[in-house]
Amino acid sequence: MIKKHIQPDHYTYPFLLKACTKLSWIKMGCQVHGKVVKIGLESDTFVRNTLIHLNANCGSLKVARVLFEESGSRDVVAYSALTSGYARRGELETARKLFDEMPERDMVCWNVMITGYVKCGNMESARKLFDESYEKAFGMFEEMRAVGEQPDEVTMLSLLSACTDSGSLDIGERIHRSITEMGSRNLSVLLGNALVDMYAKCGYIGKAIEVFREMGEKDTSTWNSIIGGLAIHGYAKESIDLFEEMQREKTQPDEITFIGVLVACSHGGMTEKGRKCFELMRNQYGIEPNVRHYGCMVDILGRAGLLEEAFEFAESLEIESNAIIWRTLLGACRIHGNAELGKLANERLLALRHDQSGDYVLLSNIYASEGQWEGAQNVRKLMEDRGVKKETGCTLVEADFNKELVHFLFDSKSTAIPRSQTP
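Per an unreviewed UniProt entry, the protein chain is named Pentatricopeptide repeat-containing protein, and its organism is Papaver nudicaule.

Things to note about the overall build of the protein chain
Across its full length, the protein chain holds 23 helices and zero strands. Expressed as a percentage of its 423 residues, the buried residues of the protein chain come to 50%. Here the contacts in the protein chain between residues at least 6 apart in sequence split such that 63% fall between residues at least 24 apart. Surface summary for the protein chain: the accessible area is close to 21100 Å², and the carbon and sulfur share equals 51%.

Focus on the packing of helix H12 (residues 205-214) against helix H13 (residues 220-232)
Two quantities define a packed helix pair, namely the angle between the helix axes and the distance between the axes. It is the contact of H12 with H13, at a shortest axis distance of 11 Å, that shows an interaxial angle of 160°. Here H13 runs roughly antiparallel to H12, going by the angle between their axes. Note on packing geometry: the crossing formed by H12 with H13 is left-handed. Across the interface between the two elements, Ile 205, Ala 208, Ile 209 and Phe 212 of H12 pack against Thr 222, Trp 223, Ile 226, Gly 229 and Leu 230 of H13. Grouping the constituent residues of the contact of H12 with H13 by class yields seven nonpolar, two polar and no charged.

A short note on the pattern of salt bridges
Per the counting criterion, the structure on display carries 16 salt bridges. Residue Asp 241 is joined to Lys 237 by a salt bridge in which the shortest nitrogen-to-oxygen separation is 2.9 Å. On the criterion of helical spacing, the pair formed by Asp 241 and Lys 237 is a turn pair, its members being four residues apart in helix H14 (residues 236-248). What emerges from the salt-bridge pattern is a single network uniting Arg 65, Glu 69 and Arg 74.

Points about the packing of helix H11 (residues 189-201) against H13
Look at H11 against H13: their axes get within 9 Å of each other, and the N-to-C directions meet at 10°. Overall, the two elements H11 and H13 adopt an arrangement that is roughly parallel. Here H11 contributes Val 189, Asn 193, Val 196, Asp 197 and Ala 200 to the contact with H13, which in turn contributes Ser 221, Thr 222, Ser 225, Ile 226 and Gly 229. Classifying every residue of the contact of H11 with H13 gives four nonpolar, five polar and one charged.

So, the environment of Leu 41
Checked against the element boundaries, Leu 41 lands in the loop between helix H2 (26-38) and helix H3 (45-57). Using a relative accessible area of 17% as the deciding quantity, one classes Leu 41 as buried. Counting along the chain gives 31 residues from Leu 41 to His 10, while the straight-line C-alpha distance between them is 6.7 Å. When near neighbours in sequence (up to four residues on either side) are disregarded, Leu 41 contacts Asp 9, His 10, Tyr 13, Val 36 and Val 47.

Examining helix H10 (residues 169-181)
Helix length check: H10, at 13 residues, gives a terminal C-alpha distance of 18 Å against a target of 18 Å (1.5 Å per residue), a fit within 8%. Restricting attention to buried positions, one finds in H10 the residues Leu 169, Ile 171, Gly 172, Ile 175, His 176, Ser 178 and Ile 179.

Section: the UniProt feature "repeat: PPR" (unreviewed entry) in the protein chain
Mapped onto this structure's residue numbering, the UniProt feature "repeat: PPR" (unreviewed entry) falls at residues 75-109 and 219-253. Across residues 75-109 one finds 77% helix and 0% strand; the C-alpha atoms that close the span lie 12 Å apart. Secondary structure content for residues 219-253 is 74% helix and 0% strand, and the end C-alpha separation is 10 Å.

Considering unusual backbone geometry
Here the phi dihedral of His 5 falls at roughly 60°; this positive angle occurs in a residue that is not glycine. With respect to the helices and strands, His 5 occurs in the segment before helix H1 (12-23). Phi is positive for Lys 250, which is not a glycine, with a value near 65°. Counting through the fold element by element, Lys 250 comes out in the loop between H14 and helix H15 (255-267).

Calculation criteria
- Residues numbered from 1 in each chain as written.
- Predicted model: local features only at pLDDT ≥ 70, side-chain atom pairs only at ≥ 80, totals over all residues.
- Heavy atoms only, no water.
- Helix = DSSP H or I, 4+ residues; strand = E, 2+ residues; numbered from the N terminus.
- Buried < 20%, exposed > 50% of the residue type's maximum accessible area, 1.4 Å probe, protein only.
- Contact = heavy atoms within 4.5 Å.
- Areas by Shrake-Rupley, 256 points an atom, 1.4 Å probe, with all protein chains shown as cover.
- Axes fitted to C-alpha atoms, helices over the stretch in contact; angles between N-to-C directions.
- Parallel < 35°, antiparallel > 145°, perpendicular 65-115°, else oblique.
- Left-handed = near helix turned anticlockwise from the far one by under 90°.
- Nonpolar A, V, L, I, M, F, W, Y, C, P; charged D, E, K, R; others polar.
- Salt bridge = Lys/Arg side-chain N within 4 Å of Asp/Glu carboxyl O.
- Expected span 1.5 Å × (residues − 1).
- UniProt positions renumbered as here; feature names shortened; annotations may be inferred.

Right, here's the structure in full:
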């Protein structure tokens, strides 16, 4: 356009700036900004709003704020763009102040705040802050309903994500009822998936299956949520049955599907079925196993007491193994009382990390259960020499490991099970 000497106008630049935003090309956006200033279009409302949007979304909040403050007429679009930038950065107090200042609000503004609180909750490590962020998200939803604003699909997806991560089953059910009251009886795939995922991760398996069966359209993520949910809560046979149904329906499984299937085989003691599914993944569907699939196979063999086979399997991985695999094998050695293999697994584990007290405690307990008190004492001394302190309470150590294993296996957002909450 420039080469043909056609002069861009106030319609051209907003499109160009939106493209820069989508690509996160802040340097290119700055160059476009310079051209805008040169030809005197910076005061145009549409151009200025897209400039605020670009800078707010690409991390240049100071520039976005200056543009916002210098704007003669701040409409809902300008407020939404800047509020979204602060919310993305996790500066929710500043975002809330802007939200409260808005002369008028649309659905985008409400969703920006609700999604901001939910994402902040996902990032918070401290439990109190985690809960507070989600409470504010739900509070914002109630506030929105109180002023007569009708939530949309984006709102509901954000809230269901918060229910899933916080294990708030009661609130999740209220959100589900709200979706039904809004007339969304024929659930979209996204909303249906979110509901199945939420119920499964909160341990309400019966309701997860009910929603799953009511869905008119399903995709791979839908099947993954229900298969993984059943597997992690001990419904091994039902999980495998659904996987076979998925195959009959000609829905293509992916790598996450097979994590759920292998977990089901592990929890159900189906060693041979686990072997077959592992081969099926490779041979029929062409999915190369990753470290999580290998971890599942080590767990299947370890639970079955096939410790030597599990050890050989872990040693012969085509990819680099990680600490979780060796920790899984070490745990199996403790259960089955094999001190020699436990020692070898611990050596591999300590080569990868040596600051986790639970790793030492497991080996020490293996020696103690076998009456090898000298070995147990040596492990304790090694801990002291390395400055590793045992956390209070064995149950806590084991619970932390279970959590670690679950996050390792299900680190995809669509199938992570943070904790069970059986109604």
